[in-house]
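One-letter residues, chain by chain:
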Amino acid sequence: MRPSTEEELAEIVQGAAGPLRIRGGGTRAIGHAAGDLLETVGLAGVRLYEPGALTLVAGAGSRLAEIEALLAGEGQRLPFEVPDMRGLLGRAGASTLGGVVAANASGPRRIQAGACRDSLIGVRFVDGAGQVVKNGGRVMKNVTGYDLVKLLAGSHGTLGVLTEVAFKLLPMPETTVTLALPDLAPDRAVAAMAAALGSPFDPSAAAHWPGRGTFLRVEGFEASVRYRAMRLRALLAPFGVAEEVESPWEAIRDVAPFHGREGDVWRLSLKPSDAPAVAARAGGEALFDWGGGLVWLLCDPGIDLRARIAPFAGHATLIRGSAPVAVFQPEPRPLAAIAAGLRARFDPRGLFNPGLMA
Amino acid sequence: MHMPPPDAGVLARKSRIVERLLAVLPEDAVVHDEAETRAYECDALTAYRCPPLAAVLPRSTDEVAAVLRVCHEERVPVVPRGSGTSLAGGALPTADCVILGVARLNRVLETDYANRFIRVQSGRTNLSVTGAVEADGFFYAPDPSSQLACAIAGNIAMNSGGAHCLKYGVTTNNLLGVTLVLMDGTVVEIGGAHLDAGGLDLLGVICGSEGQLGVVTEATLRILPKPEGARPVLMGFASNEVAGACVSDIIRAGILPVAIEFMDRPCIRATEAFAKAGYPDCEALLIVEVEGSAAEIDDQLARIVEIARRHDPVELRESRSDEESRRIWLGRKSAFGAMGQINDYMCLDGTIPVTELPRVLRRIGELSAEAGLEVANVFHAGDGNMHPLILFDANRPGDLERCERLGAEILKLCVEVGGCLTGEHGVGVEKRDLMSVQFSPVDLEAQMRVKDVFDPRWLLNPAKVFPLEASGVRRAG
């Protein structure tokens, strides 16, 4: 099923006899959803783009690449640097805005500009009763009623089918510089990134790629970028000589080191300073983004990583692989009960990607 | 504005309820004497007052949980209260409620510069969070103008913003985790020192839920390294339209100032008379502040000034020292106080798309003339968050009602042009009955379902946010 209007989608949901598997471009879904395929690509199109207000409203089925090209034409972009997961997951197809939101997909700039959920300012969606709900809007500051926008971001299609999304945007920088420190062990690398992120020189990304280097990015107006890069170099001197290098950010964003490789891929969100020890306990290969707050791990297939690294504060998601465990980190009982309660209220018949997150 | 009649059964059981509260709290943490409960009869929306049944001032998460268990069992409504600075009546009591004040929960629990967060108890004031880390070069970004007094608990409840959120975001963008006590006394930990949610983003919906989903007792907040410096430029323009166009051009040019503040003529005149900041005599004034090193500031201000020159400014005053910066901000920061000297006023908080600024200001002018009440505009222009101040005389019969009608018209206008009722103050009771202007019954139902899950008996701050007729069945239990 591939509705081309919100009304059509609402009718499909109202008439659904069983579970629906919701798909945007099919490029980044994780876990196992069962049910009849419901595609949102027909719900495409820019509803409003105001460069002077840094605002975009578009159908959830709009293709990410087309939107990024449109924004680039005005010297603007989505702030959160959307990862392209096709290489990691071995998928084809074209990512959609709805899929990006459903996964709360956020790349290296998350540490400076926030996640997808932080730039998302409005949604429309069809709930499990087939009713159209709107929340948020097209303005940057809005505390009118509950923030269901955040709740829908990262809900992986389990609360409703997104039909329209609104973002605040950022201008593209005039200049970008990446600095690299060579040969640091993970704990030193995380310490170096913490020093940079704790400085006023405002890096827009900080990642450690074992074997390749520890990378810091500075973006903005030319003079400012030059100045901040110079200050960061001095600040990082105790960790080595920081050289200016070509951008590694697309590869880091898309977890390129693990493309086409055997093994399970896990994504850990944790306190940055915990990352080196947790990665060591995990074994396998690691890629550290977000100053250490995000760790991608390539591990032996089939292992229960959570058991291996326990106890740790944060969460681990199985992005790709064969481990016979829940894809999403099981939550403590009261939180799981709240999440189940919300799903039961928004989707009383259990139509949307049932069992995916719970 | 109406509140539901108090539950006669609860009122009749007052002594038993107080006894049960005294059984789980020290004596000095339970306020039940009628003279003393008056201290909690209102928040900063002083037009409405009602003493609560009792007030409690717990000192720990365990005590909060114990209080909520008692109230849950006794089916007593609970109104959480931070510092009572809500402009929307978020902490307004009803006669049958227990006020749960978090003022005694004010400790810093953990400061972690390597991971850039601070964990505090929720009664701590906004400014004192920054106070705890500024000697080490850090700050907490959201800066509501009540920051000297307002509590983090209230900031989370209202998802508070401030003058600098154009660059740093509002509370929800700076909140990493909470300890939340549910109405039945269950304590849950949501989020922490890590950046994103493992399952549904419950933190995202708790922030801004106006104390209706649970009581936040602890919070993990993101702290940021302080910029090297900051300096404003003041610009005067011949019309609101031109000033609005200048704002839009600055944003289009790829410059992201930390603040763009706008004042119109009535506001300039009043603050000038009060604060004598030396503002130019003009129709509209912008204060734009940028951050960075001295050279970065010079570079950005030069770009901004160049854009401003294209709009024929009647005044361009770039700050060159801390003293000049202080003078530029003086009028803006004393704007509300200045208005309070002249008149009673009502402060609105709608947000509009920034491109609609000129049209909305013109229409506000017309509505103001029709109502016969002056409106002064002062607001965060970069993000479209307006604060029209309606001037009235509380001692003149009918003036408050006229003011409220004009306020409602202005907020409807904000919604009509694509904006919203409230950008940072919250709905509370003040905008509660206007919610159906912005939301359909289905939209409101979707929001109320969230409360059904967190607080099935609808005991937490129940008569706020949603129009009474929309929430009636649920509140009746």
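Residues numbered from 1 in each chain as written. Chains lettered and ligands numbered in written order. Predicted model: local features only at pLDDT ≥ 70, side-chain atom pairs only at ≥ 80, totals over all residues. Heavy atoms only, no water.

1. A closer look at the overall build of chain B
Looking only at helices and strands, chain B has 18 helices and 18 strands in total. By the compact-globule yardstick of 23 Å for 477 residues, chain B fits well, its C-alpha radius of gyration being 23 Å. For chain B, the C-alpha atoms occupy an extent of roughly 70 × 55 × 40 Å along the three principal directions. Looking at chain B residue by residue over its 477 residues, the buried ones come to 63%. Considering only intrachain contacts with a sequence separation of at least 6, the fraction spanning at least 24 residues in chain B is 71%. In the structure as shown, chain B presents an accessible area of about 16600 Å², 50% of it carried by carbon and sulfur atoms. (Helix = DSSP H or I, 4+ residues; strand = E, 2+ residues; numbered from the N terminus. Rg over C-alpha atoms; globule rule 2.2 N^0.38 Å. Buried < 20%, exposed > 50% of the residue type's maximum accessible area, 1.4 Å probe, protein only. Contact = heavy atoms within 4.5 Å. Areas by Shrake-Rupley, 256 points an atom, 1.4 Å probe, with all protein chains shown as cover.)

2. With respect to the domain arrangement of chain A
A common way to express how large an interface is: the accessible area buried when the components associate. Residue and element names in this part refer to chain A. With domains assigned, chain A is organised as domain 1 (6-171) and domain 2 (175-253). Averaged C-alpha coordinates put domain 1 and domain 2 at centres separated by 31 Å. With 10 residues of domain 1 in contact, the opposing surface of domain 2 contributes 10 residues. In total, about 790 Å² of surface goes out of reach between domain 1 and domain 2, with carbon and sulfur atoms giving 50% of it. It is Pro108, Ile111 and Gln112 that lose the most area in domain 1 upon contact with domain 2, and together they represent 56% of the buried surface on that side. For the interface between domain 1 and domain 2, the tally reads three salt bridges. Notably, a salt bridge pairs Arg217 with Glu81, separated by 2.8 Å at the nearest N-O pair. Residues belonging to the side of domain 1 that touches domain 2 are distributed by class as follows: four nonpolar, two polar and four charged. (Domains from an automatic or database assignment. Buried area = accessible area lost by both parts, 1.4 Å probe. Salt bridge = Lys/Arg side-chain N within 4 Å of Asp/Glu carboxyl O. Nonpolar A, V, L, I, M, F, W, Y, C, P; charged D, E, K, R; others polar.)

3. Details of helix α11 (residues 294-309) of chain B
In a regular helix each residue adds 1.5 Å, so 16 residues correspond to 22 Å; α11(B) covers 22 Å between its end C-alpha atoms and thus fits that length. For α11(B), the set of buried residues is Glu296(B), Ile297(B), Gln300(B), Leu301(B), Ile304(B), Val305(B), Ile307(B) and Ala308(B). Projected onto a plane normal to the axis of α11(B), the buried residues spread over an arc of 160° and lie on a single side. For α11(B), the exposed residues lying more than 90 degrees away from the buried face are Ala295(B), Glu306(B) and Arg309(B). In this structure, the buried residues of α11(B) make contact with α9 (222-235) of chain A together with β12 (229-237), α9 (240-252), β14 (284-292) and β15 (315-318) of chain B. (Expected span 1.5 Å × (residues − 1). Arc of directions from axis to C-beta.)

4. Focus on empty space enclosed by the protein
According to the stated counting rule, one finds four cavities of 30 Å³ or more in the structure shown. Here the lining of the largest cavity is composed, by residue class, of six nonpolar, three polar and two charged. (1 Å grid on protein atoms, 1.4 Å probe; cavity = no way out; pocket = protein on both sides within 12 Å on 5 of 7 lines; lining within 4 Å. Points joined across faces, edges and corners; volume = space filled by probe spheres on them.)

5. So, the environment of Trp329(B)
Residues and elements named next belong to chain B. Among the secondary structure elements, Trp329 is positioned in helix α12 (residues 322-333). Taking the C-alpha atoms as reference points, Trp329 and Leu234, 95 residues apart in sequence, are found 9.0 Å from one another. Residues contacting Trp329, with those up to four places away along its chain left out, are Pro232, Ala259, Glu261, Tyr279, Ile287 and Glu289.

6. What to know about the sheet that holds strand β8 (residues 161-168) of chain A
All names here are of chain A. Spatially, β3-β4-β8-β6-β7 is the arrangement adopted by the five strands of the open sheet, whose pairing is antiparallel. Where the open sheet ends on each side, the last strands, each with one partner, are β3 (46-50) and β7 (132-136). Going from strand to strand, the sheet's axes swing by 10° on average, the running direction of each strand aside. Where strand β6 (residues 120-126) and β8 come together, six bridges link them in antiparallel fashion. Bridge pairing links Val126 to Val161 in β8. Each of β6, β7 and β8 touches helix α1 (residues 6-15); the most contacted strand, β6, lies at about 50° to it. (Pairing = 2+ DSSP bridges. Axes fitted to C-alpha atoms, helices over the stretch in contact; angles between N-to-C directions.)

7. Describing the UniProt feature "domain: FAD-binding PCMH-type" (unreviewed entry) in chain A
This chain's UniProt record puts "domain: FAD-binding PCMH-type" (unreviewed entry) on residues 1-172 of chain A. Across residues 1-172 of chain A one finds 25% helix and 24% strand; the C-alpha atoms that close the span lie 37 Å apart. (UniProt positions renumbered as here; feature names shortened; annotations may be inferred.)

8. Some remarks on the interface of chain A and chain B
Facing the 71 residues of chain A at the interface are 89 residues of chain B. Here chain A and chain B share an interface that buries about 6400 Å² over both sides, 59% of which is from carbon and sulfur atoms. It is Lys141(A), Val143(A) and Tyr146(A) in chain A that bury the most area against chain B; as a group they hold 15% of the surface buried on that side. For Asp443(B), the salt bridge identified is with Lys134(A), shortest N-O distance 2.7 Å.

9. Some thoughts on the side chain of Gln447(B)
Residue placement: Gln447(B) occurs in helix α17 (residues 441-454). A residue is classified by how much of its surface remains accessible, and Gln447(B), at 0% relative accessible area, is buried.

10. Re the domain arrangement of chain B
All names here are of chain B. Domain boundaries in chain B define domain 1 (8-101), domain 2 (108-225), domain 3 (229-336), domain 4 (343-416) and domain 5 (439-475). Look at where the C-alpha atoms of domain 2 and domain 3 centre, and you get two points 30 Å apart. Listed by partner, the interface residues are six residues for domain 2 and eight residues for domain 3. Counting each side, the surface lost to burial between domain 2 and domain 3 is near 630 Å², with a carbon and sulfur contribution of 59%. Broken down residue by residue, the surface that domain 2 buries against domain 3 is led by His164, Leu166 and Lys167, which jointly contribute 71%.

11. Considerations on the packing of α9(B) against α11(B)
Residues and elements named next belong to chain B. Direction vectors running N to C along α9 and α11 enclose 140°, while the axes themselves pass 10 Å from each other. In terms of their interaxial angle, α9 and α11 are classed as oblique. At the point where α9 passes α11, the crossing takes the right-handed sense. Contacts between α9 and α11 pair Cys246, Asp249 and Ile250 from the former with Ile304, Ile307 and Ala308 from the latter. Its residues placed into classes, the contact of α9 with α11 shows five nonpolar, no polar and one charged. (Parallel < 35°, antiparallel > 145°, perpendicular 65-115°, else oblique. Left-handed = near helix turned anticlockwise from the far one by under 90°.)

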